[in-house]
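Observations on the three-dimensional arrangement
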Amino acid sequence: MDLGVSAGDPTADLTAGDPAGDPTCDPAVGDPTCDPAAGDPTCDPAGDPTCDPTAADPTTGDPTTANPTAGDPTTGDPTSDDPTAGRDPLLFLQALQTRWPTKELQQLREEAWQGFAALDDPLTGLLDMLEGGRTGGGQGRSLQAWVACELQRWLQAQPLSLRLAPGSPQLGQLQARAAGVLAGSPLSLTELLVSIFRLQDADRSLLLDHIDRLHERGKFKEAILLSTKLKLQPELDLEKMSTPLLLQNKMNLVERYVDGFPDLQRKLLVLMDSWCQPGFDIRDVARRFPTLTAARLEKLSPKPLSRQVLWLLGRCGMDPALCSNVINQQHLGTLQYLCYKRFVEGSLSQENWADHVRDLVGQSEWLQDRLLQLLASHCGVAMTARCALDLSLPEGRLPATVANELSRLRLQERMVQAGRSLEKPSCKDRSSYYQLPIAREDICFLATWEDLARHGPELLQPGGVVGVDLEWRPLFQAARRPCASLVQLAVEGRVLLLDVPRLAQPPGGRGAQALSQLLGQLFSDLSITKLGYGMAGDLRSLGASCPTLADAEKQMRGVLDLQQVHRQMRLAGVPGPVVDAAGAPRGLSLLVQQVLGKPLDKAEQLSNWDLRPLREEQLIYAATDAYCLLEVYRVLCQDPARFHLSMNLAKSLGPRRSSRSGAQEPPGRQEAPPSPQQVPAAVDEGAAPEVSAKDFHVVCDSMLQGLARSLRCLGVDVRVLGAGEDHRRAAEIARLEGRIILTSGLPYHKLQAQVGAGRCLSVDCSLKAREQARAVLRHFNVRVTLSDVFSRCQVCNCDQYLKVSKDMMKHLMQLNGHHEDPSGMGEGADVALPVPGPQRVERGVCGDRQPSSELPGSAPEPAPRDCAYDPPCRWLEASDLQTITPATLGNGTRLQLAGVPAGVLWRPGQWPFYCCTGCGKVFWEGSHLGRLTAHFHEVLETPPPQLL
């Protein structure tokens with residue numbers, strides 16, 4: 001007899017999962033009957049005669065010795081205790097079914113293995129059982145999956161000599177029948193059938209027909225998983241297979257489907273890009289799949305879909321030209337940003353603006369039209385014509401008024417070229433900015449290894465202080481990491497500018513070696529103090545340009561990151577300057593103004609630093625950015641108390657490490673957008689009237705999710721815009737519901753104009769969420785008490801909870817299939833209590849109802865003596881549940897019982913649980929409460945409680 005399964009086939013290993021959702025077939029849940037090496041007596045020749053090679057063991061492959069007195073199929077009794085009663089597979093299945101409810105798996109396995117040996121052909125017998133038991137459902141499906149699981153184990157134990165040759169008629173017939181069975185099989189059983197019958201080698205037409213039937217039945221996930229496993233992708237239609245999964249936001253399955261098939265990856269990118277074209281309505285695609293459930297169309301709005309396309313482009317290494325719609329939209333976003341910087345903020349010079357815009361627009365007529373629309377909205381005819389002249393835009397695409405003005409400008413230029421003088425434009429007054437205190441000849445541009453050898457010793461003086469900064473060409477899209485173009489090193493009286501692109505080429509050359517040696521020695525010397533502002537991002541950019549310096553961040557010694565010092569100053573409430581909204585300093589410029597009295601001129605910040613030679617303005621800007629660090633450091637050391645700092649700044653020296661393992665600072669210097677009310681801002685805290693947390697209502701944009709969660713933990717009513725919602729929606733919500741807008745970035749100025757004074761605040765994105773929350777609360781003078789902490793669900797913002805007794809929670813988890821395991825404490829046991837209200841028991845709310853006869857623990861009970869809080873919410877009653885399995889409240893909210901580790905139920909004491917009536921999330925008291933009150937002790941009215 002040929003069994004048709006290779007013992008060495010890794011797909012035949014069933015320990016990787018449960019075939020039908022039944023934990024009895026998963027060794028990970030602690031059942032040794034599923035693991036031949038886990039102490040099962042049926043696998044121990046010394047402990048069980050059924051495993052003795054001389055004792056008629058079914059695993060010997062000899063069906064004639066399994067049970068010679070087993071009986072005859074014609075007389076077999078389906079209710080007989082002997083599962084080998086006859087050779088009829090259906091009677092064999094029925095006999096197992098009588099024992100199945102007992103779940104005595106060791107005995108079941110032993111009898112099943114004997115039964116397999118008694119069958120004339122176990123593979124045919126399995127198909128007979130699956131075909132004959134299709135109507136069983138529920139328990140029958142679970143038994144069938146278990147039988148298939150055990151048969152595969154049994155087959156793996158058989159001699160290797162019994163094998164069907166690939167392509168043999170007998171194997172082909174079995175594969176054809178197995179393909180037919182697949183149509184009605186769950187995914188877990190499908191995996192087993194593919195492995196047992198080697199369907200990956202079967203007739204492709206049979207498998208393709210099965211995939212089509214799965215699609216017709218709406219089994220889109222099962223179809224794509226099976227086709228991926230069988231490697232059928234090249235023979236299937238990509239759009240048909242992937243579209244339903246994309247509509248359900250199952251991008252990971254689609255990525256796995258096209259992985260390893262470049263042609264399919266290209267087709268997928270083209271498909272997703274077509275959904276990003278202007279005017280496209282994804283609902284038209286969804287209507288083609290009326291049976292589709294759980295569609296997530298909001299995830300396919302242009303912005304999130306474009307992000308997915310760009311990520312996939314980078315992951316697959318494809319040509320961006322495949323996705324013209326996404327790239328155009330990305331470039332349009334960059335154009336909007338550049339126009340804001342040039343015409344609203346005024347922080348970008350016309351020369352730098354034109355340089356970037358020229359590269360972006362190119363010959364794209366679509367982008368040229370969008371640019372003209374942006375110019376018309378930001379500036380008048382004269383400036384639009386000037387921009388058209390600088391960018392060499394086709395005159396035929398210009399409005400008539402702009403074209404006439406352009407002709408006048410060209411005439412003026414011809415007059416200048418002919419020698420006729422025009423009034424020279426006045427130079428920009430820079431007296432209001434920090435001025436570089438050294439002469440121009442003390443700025444040295446180093447581009448060769450000889451230059452480094454000549455000036456290097458100036459940097460390596462023991463006990464010296466060196467200001468370090470880097471510049472790179474700005475990347476306005478999320479793409480590759482920027483590569484450093486210039487390294488600025490400032491010492492007393494001199495600034496050295498290192499030309500990284502020239503020195504680093506060729507790799508391994510004398511210039512690259514000299515650069516790596518000089519910077520490596522400087523960074524690792526503990527006796528030399530290195531000053532920077534956001535140095536982690538700078539150093540990663542340097543590593544991208546010079547691979548030999550990729551580990552420079554790890555080698556740094558004697559570093560003082562003034563960005564961290566600046567953060568301490570802001571948290572301590574160091575007053576900031578009152579500045580105009582459009583030119584509000586931030587980042588290093590703000591620090592320089594707070595310490596030295598004037599901000600930095602950042603006009604060249606976004607210039608093209610890859611250009612050679614650099615313009616004079618760029619050289620001065622680069623030298624100033626590095627040298628100002630020395631002067632800021634000198635003033636801070638002279639009078640640290642003035643800035644609320646420690647007397648010894650040297651305590652901050654050393655590489656900065658995140659408190660969380662694996663966490664990294666974001667690449668580059670993340671500077672918050674400008675605003676006149678940047679948080680934390682210089683405000684008179686006494687000027688704002690005090691407001692309680694429960695009466696403080698805000699709306700956050702989608703970029704401030706962390707801030708929203710932190711505020712909700714403190715009892716603040718917070719609405720958050722969805723990922724696809726326009727920022728203008730925040731203004732609508734603020735007006736309708738009387739909320740304050742918390743935002744960041746470019747939308748601030750537009751939103752501020754749509755609401756009243758003091759109703760819109762721009763949040764400092766360089767701060768962590770908890771620090772942002774503290775700053776917001778101080779800014780608006782919000783009073784937070786212990787009773788406010790966790791009074792709202794941080795997930796959905798609901799403020800209504802139900803208290804659940806431990807006994808009821810145990811019962812609900814049992815009824816919903818969540819098995820108790822006292823050893824399964826898990827990390828989830830250490831979470832938060834949602835509604836802390838110390839010793840506040842509202843008896844009138846809890847009532848005096850009698851316990852329900854349906855569920856235990858539903859009656860109110862005294863406040864547990866070992867619980868730190870007794871919040872004012874009533875106990876969950878059986879009558880509050882619409883259904884018990886699944887546990888669903890009367891308002892339709894399903895309790896999220898799967899998120900409760902079973903081990904929490906076994907903690908000592910009568911700790912209650914709390915369920916949010918809005919989203920069903922379940923909470924319980926843990927150390928999160930103590931951590932939160934410790935983090936926000938400055939804004940809490942009373943000190944944090946001592947947990948028992």
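Residues numbered from 1 in each chain as written. Predicted model: local features only at pLDDT ≥ 70, side-chain atom pairs only at ≥ 80, totals over all residues. Heavy atoms only, no water.

Along the backbone of the chain there are 33 helices and 17 strands. A buried classification covers 49% of the 948 residues belonging to the chain. As displayed, the chain offers around 43,400 Å² of accessible surface, 51% of which is attributable to carbon and sulfur atoms. (Helix = DSSP H or I, 4+ residues; strand = E, 2+ residues; numbered from the N terminus. Buried < 20%, exposed > 50% of the residue type's maximum accessible area, 1.4 Å probe, protein only. Areas by Shrake-Rupley, 256 points an atom, 1.4 Å probe, with all protein chains shown as cover.)

Right, let's get into the packing of aromatic side chains. Summed over all chains, the structure comprises nine aromatic pairs. Ring centres of Phe92 and Phe116 lie 5.8 Å apart, and the angle between their planes is 90°; this geometry places the pair in the edge-to-face category. Taken as a pair, Phe92 in helix α1 (residues 89-99) and Phe116 in helix α2 (residues 105-118) lie far apart in primary sequence, 24 residues in all. One exposure class covers both Phe92 and Phe116, and it is buried. Here the aromatic cluster, defined as three or more aromatic residues joined through ring pairs, consists of Phe92, Phe116 and Trp154. One residue, Lys921, lies across the ring of Phe923, its end atom 5.9 Å from the ring centre. (Phe/Tyr/Trp six-rings, centres within 6.5 Å; stacked < 30°, edge-to-face > 60°. Lys NZ or Arg CZ within 6 Å of the ring centre and 35° of its normal.)

Quick look at the sheet that holds strand β16 (residues 913-916) now. Across the sheet, three strands lie side by side as β13-β16-β17; this open sheet has antiparallel pairing. Pairing within the sheet leaves two strands with one partner each, and these edge strands are β13 (801-804) and β17 (922-924). Taking the axes of each pair of neighbouring strands and ignoring which way they run, one obtains an average angle of 30° across the sheet. Pairing of β13 with β16 involves four bridges; the strand directions are antiparallel. The partner of Lys803 across the bridge, within β16, is Tyr914. (Pairing = 2+ DSSP bridges. Axes fitted to C-alpha atoms, helices over the stretch in contact; angles between N-to-C directions.)

The subject of this paragraph is unusual backbone geometry. Of note, the bond from Gln505 into Pro506 is cis; its omega dihedral lies within 30 degrees of zero at -5°. Structurally, Pro506 is set in the loop between α20 (500-503) and α21 (510-524). The peptide bond linking Thr885 to Pro886 adopts the cis configuration, its omega dihedral lying at 0°. In this structure, Pro886 sits in the loop between β14 (881-883) and β15 (888-889). A positive phi angle, near 60°, is found at His644, a position not held by glycine. Of note, His644 is situated in the loop between α26 (616-638) and β7 (691-692). Phi angles above zero are rare outside glycine, and Asn797 is one such case at about 80°. Counting through the fold element by element, Asn797 comes out in the loop between β12 (782-783) and β13. The exposure class assigned to Asn797 is buried, which follows from its relative accessible area of 11%.

Glancing now at the sheet that holds strand β8 (residues 697-700). Read across the sheet, four strands follow the order β9-β8-β10-β11 without closing on themselves; strand pairing throughout is parallel. Edge positions in the sheet fall to β9 (717-720) and β11 (760-762), since each has one partner strand and no second. Sheet twist, expressed as the mean angle between neighbouring strand axes with direction ignored, is 25°. In this sheet, β11 lies alongside strand β10 (residues 740-743) in parallel orientation, the contact comprising three bridges. By the bridge assignment for β11, Leu742 is matched with Leu761.

Formed by 79 residues in total, the largest nonpolar core has its most connected members in Leu126, Val147, Phe197, Leu199 and Leu268. In terms of residue count, the dominant contributor to this core is helix α4 (residues 139-156) (eight residues). When sequence neighbours within four positions are dropped, the list of residues in contact with Phe197 reads Leu123, Leu126, Leu127, Leu171, Leu174, Gln175 and Ala178. Ranked by size, the runner-up nonpolar core spans 37 residues in total, among them Tyr533, Val592, Trp609 and Leu619. (Core = buried A, V, L, I, M, F, W, Y, C linked by side-chain atoms within 4.5 Å. Contact = heavy atoms within 4.5 Å.)

On to the packing of helix α9 (residues 238-247) against helix α11 (residues 262-274). At a minimum axis separation of 11 Å, α9 and α11 run at an interaxial angle of 55°. Put simply, α9 runs oblique to α11. By crossing handedness, the relation of α9 to α11 is classed as right-handed. Between α9 and α11, the contacting residues are Leu238, Glu239, Ser242, Thr243 and Leu246 on the first element and Leu264, Lys267, Leu268, Leu271 and Met272 on the second. Residue classes in the contact of α9 with α11 are distributed as six nonpolar, two polar and two charged. (Parallel < 35°, antiparallel > 145°, perpendicular 65-115°, else oblique. Left-handed = near helix turned anticlockwise from the far one by under 90°. Nonpolar A, V, L, I, M, F, W, Y, C, P; charged D, E, K, R; others polar.)

It is worth spelling out the environment of Asn325 at this point. Its place among the elements puts Asn325 in helix α14 (residues 324-345). Between the alpha carbons of Asn325 and Gln277 there is a distance of 5.3 Å; along the sequence they are 48 residues apart. Those residues within four positions of Asn325 in sequence are excluded, and the remaining contacts are Asp273, Ser274, Cys276, Gln277 and Pro278.

All right, on to the pattern of salt bridges then. Tallying each qualifying case throughout the model produces 35 salt bridges. Between Glu239 and Arg288 there is a salt bridge, and its shortest N-O distance comes to 3.6 Å. Residue Glu239 is located in helix α9, and its partner Arg288 is located in the loop between α12 (282-286) and α13 (302-316); the two are separated by 49 residues in the primary sequence. With relative accessibility at 37%, the residue Glu239 sits in the partly exposed group. Its relative accessible area of 48% is what places Arg288 among the partly exposed residues. Here Arg874 ties to Asp880 by a salt bridge, and the two come within 3.0 Å at their closest N and O atoms. Judged by its relative accessible area of 26%, Arg874 is partly exposed. Each of Glu351, Glu604, Arg615 and Glu617 takes part in one network of salt bridges that share partners. (Salt bridge = Lys/Arg side-chain N within 4 Å of Asp/Glu carboxyl O.)

In the contact formed by α1 and helix α3 (residues 122-132), the axes pass within 8 Å of each other and the chain directions differ by 65°. Accordingly, the angle class assigned to the pair α1 and α3 is roughly perpendicular. Relative to α3, α1 is oriented so that their crossing is right-handed. Packed against α1, whose contacting residues are Pro89, Leu90, Phe92 and Leu93, the element α3 presents Gly125, Asp128, Met129 and Gly132 at the interface. The residue inventory of the contact of α1 with α3, partitioned by class, reads five nonpolar, two polar and one charged.

Here we come to the state of the cysteines. Overall, the coordinates contain zero disulfides when judged by the stated rule. Not part of a disulfide, Cys798 finds its nearest cysteine sulfur in Cys916, a span of 4.2 Å. For the unlinked cysteine Cys916, the closest cysteine sulfur is that of Cys796, found at 3.4 Å. You can call Cys916 buried: its relative accessible area is 0%. (Disulfide = S-S within 2.5 Å.)

Another point: the pairing of strand β2 (residues 465-472). Burial within β2 is extensive, with seven of its eight residues counted as buried. Where β2 lies against strand β5 (residues 529-532), three bridges are found, and the strand directions are parallel. Paired with Val465 across the strands is Thr529, a residue of β5. As paired elements, β2 and strand β3 (residues 484-491) share six bridges and run antiparallel to each other. Directly across from Val468, in β3, lies its bridge partner Leu489.

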